[in-house]
Amino acid sequence: MDLRRDVFQAIADPTRRAILLLVATQSMTAGAIASKFDTKRPTVSKHLQILTECELLKKEPNGREIYYHLNPNKMKEIANFIEPFQKLWDDRFNKLEAVMKTYKAKG
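Since the model is a prediction, treat every value here as computed from it, not as a measurement. (Residues numbered from 1 in each chain as written. Predicted model: local features only at pLDDT ≥ 70, side-chain atom pairs only at ≥ 80, totals over all residues. Heavy atoms only, no water.)

What follows is about the packing of aromatic side chains. The full count for this structure, using the stated rule, is three aromatic pairs. When the ring of phenylalanine 8 is compared with that of phenylalanine 81, the centres are 5.1 Å apart and the planes differ by 55 degrees; the resulting orientation is tilted. Here phenylalanine 8, found in helix H1 (residues 7-11), pairs with phenylalanine 81, found in helix H5 (residues 72-106); they are 73 residues apart in sequence, far enough to count as distant. When its relative accessible area of 33% is taken as the criterion, phenylalanine 8 is described as partly exposed. By relative accessible area, phenylalanine 81 is classed as partly exposed at 48%. Ring plane angle 50 degrees and centroid distance 5.6 Å describe the contact between phenylalanine 81 and phenylalanine 85, whose orientation is recorded as tilted. (Phe/Tyr/Trp six-rings, centres within 6.5 Å; stacked < 30°, edge-to-face > 60°. Helix = DSSP H or I, 4+ residues; strand = E, 2+ residues; numbered from the N terminus. Buried < 20%, exposed > 50% of the residue type's maximum accessible area, 1.4 Å probe, protein only.)

Laid out in structure tokens, this is it:
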């Protein structure tokens, strides 16, 4: 049985989304990431494990430390999935804006 985690379940958790935002600009160690949260380090380690299993984060050893950094390719896959929905909502808001402009012009 393949127990690989689903990327959308991973990003559904607010702590994991916060971790992704933290490492988006720079690689960080687990300790540095954990220091930004009000939870115990094993809890943050579990979140890191899930994000790594989903390939949203990559681990890079550097001496005795392991640095976590964002996997832009996996983030692009998420963006590609969401893109059609973004277009749908943009189209709806553009239509609403046109209706509002017409309504405002009449009033």
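That covers the picture; the talk isn't over yet.
This brings us to helix H2 (residues 14-23). Of all the residues in H2, the buried ones are Arg16, Ile19, Leu20 and Val23. The arc that holds the buried residues of H2, viewed along the axis, is 100 degrees, so those residues lie on one side. H2 presents Pro14 and Leu21 as exposed residues on the side facing more than 90 degrees away from its buried surface. For H2, the N-terminal cap is aspartate 13; the gap from its side-chain oxygen to the backbone nitrogen of threonine 15 is 2.8 Å. (Arc of directions from axis to C-beta. Polar contact = N/O pair within 3.5 Å; in protein donor to acceptor, adjacent residues only side chain to side chain.)

Considering all chains together, one arrives at four salt bridges under this definition. Where glutamate 55 meets lysine 74, a salt bridge forms, and the shortest distance between an N and an O atom there is 4.0 Å. With glutamate 55 in the loop between helix H4 (41-53) and strand S2 (57-62) and lysine 74 in helix H5, this pair connects stretches of sequence that are 19 residues apart. Judged by its relative accessible area of 12%, lysine 74 falls in the buried class. With a closest N to O distance of 3.4 Å, glutamate 77 and lysine 74 form a salt bridge. Of this pair, glutamate 77 and lysine 74 both sit in helix H5, three residues apart, which is roughly one turn of that helix. (Salt bridge = Lys/Arg side-chain N within 4 Å of Asp/Glu carboxyl O.)

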